[in-house]
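What follows is the residue order along each chain.
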Amino acid sequence: PRASAAGIWSSSSRSFRCGKGTCGSGRPRKAHRGPQPSRTSKTSSRSAGTLAARGDVDVVHGFGASVLGYARQPAPRPAPLVFNPQGLEEFGATLDSPPVLKRVGYAPLRWAVRRCARAADAILATDTSLEATVAHHLRPSPGQMRTIPNGIDLAIVTSLAGPSDGAAIRQR
């Protein structure tokens, strides 16, 4: 890692933040906008590889199949891939057996998500309750899956307002 702030490319907004000053003010710069996953998403995530090869980003963070273009680049890739599979709806999420038409329709997306997971340096589970589901559907290698809980502290959030506050807002 560099001594300055890390450059991170993220498929969520297809932007990157550059802490080195090579992208102007250091504010996020859009690399691409488009539907996910699509041909344009593949092109966009390949651009992450270009940015990483130039040294403009230190980490590529991908959501679902939107990072397929980067995942398909031959190893060694210039920056580690951190993969967040999101809710795994294409696998039926937590269902034991999704409906037949859903299994057929989502087959290409499941392939793409698994391909991204195989290429990832780390696969994220955003809650301990999702660890088993992520492990079941993506079969990470030992040490590949990391749990980073969403940044909401439910105890704090629920203490901020009670049922009477909710009723007051609904009446407005």
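What you are looking at is a predicted structure, and each value in this text was computed from that prediction instead of being measured.

Peer 1: Hey, could you run me through the overall build of the chain in this one?
Peer 2: Across its full length, the chain carries 7 helices and 7 strands. Order of helices (α) and strands (β) in the chain, N terminus to C terminus: β-β-β-α-β-α-β-α-α-β-α-β-α-α. Of all 172 residues assigned to the chain, the portion counted as buried reaches 37%. Working note: accessible area of the chain is about 10200 Å², and carbon and sulfur atoms make up 57% of it.

Peer 1: Looking at this model, I keep getting lost on the pattern of salt bridges. Mind explaining?
Peer 2: Pairing is possible between side chains that carry opposite charge, provided their charged atoms lie close to one another. Inspection of the entire model under this criterion finds 1 salt bridge. Between Asp 56 and Arg 54 there is a salt bridge, with its nearest N and O atoms 2.5 Å apart. Accessibility expressed as a relative area gives 9% for Asp 56, which makes it buried.

Peer 1: Please clarify how the side chain of Ser 66 should be interpreted in this entry.
Peer 2: With respect to the helices and strands, the residue Ser 66 is situated in the loop between strand 4 (59-63) and helix 2 (68-71). Among the residues examined, Ser 66 registers a relative accessible area of 3% and is labelled buried.

Peer 1: Hey, could you run me through the nonpolar core in this one?
Peer 2: Generally speaking, a soluble globular protein has its nonpolar side chains buried in company with each other. Ranked by size, the top nonpolar core spans 25 residues in total, and within it Val 60, Val 67, Tyr 70, Leu 81, Phe 83, Ile 123 and Leu 138 carry the most contacts. Secondary-structure elements contributing two or more residues to this core are helix 1 (39-54), helix 2, strand 5 (81-84), helix 4 (107-119), strand 6 (122-125) and helix 5 (131-138). Per-element accounting of this core gives the leading share, 5 residues, to helix 4.

Peer 1: Just to check I follow, could you spell out the pairing of strand 5 for this structure?
Peer 2: Along any regular strand, the residues point their side chains to alternate faces of the sheet. Both faces of strand 5 are covered, namely the face carrying Leu 81 and Phe 83 and the face carrying Val 82 and Asn 84. The pairing of strand 4 with strand 5 spans 4 bridges and is parallel. Considered in strand 5, the bridge of His 61 is made with Val 82. In this structure, strand 5 lies alongside strand 6, joined through 2 bridges in parallel fashion. Residue pairing across strands places Phe 83 opposite Ile 123, the latter belonging to strand 6.

Peer 1: What's the story with the environment of Pro 108 in this structure? I'm lost.
Peer 2: Considering the arrangement of structural elements, one finds Pro 108 in helix 4. The spacing of Pro 108 and Glu 90 is 18 residues in sequence and 9.3 Å in space, taken between C-alpha atoms.

Rules and cut-offs
- Residues numbered from 1 in each chain as written.
- Predicted model: local features only at pLDDT ≥ 70, side-chain atom pairs only at ≥ 80, totals over all residues.
- Heavy atoms only, no water.
- Helix = DSSP H or I, 4+ residues; strand = E, 2+ residues; numbered from the N terminus.
- Buried < 20%, exposed > 50% of the residue type's maximum accessible area, 1.4 Å probe, protein only.
- Areas by Shrake-Rupley, 256 points an atom, 1.4 Å probe, with all protein chains shown as cover.
- Salt bridge = Lys/Arg side-chain N within 4 Å of Asp/Glu carboxyl O.
- Core = buried A, V, L, I, M, F, W, Y, C linked by side-chain atoms within 4.5 Å.
- Pairing = 2+ DSSP bridges.

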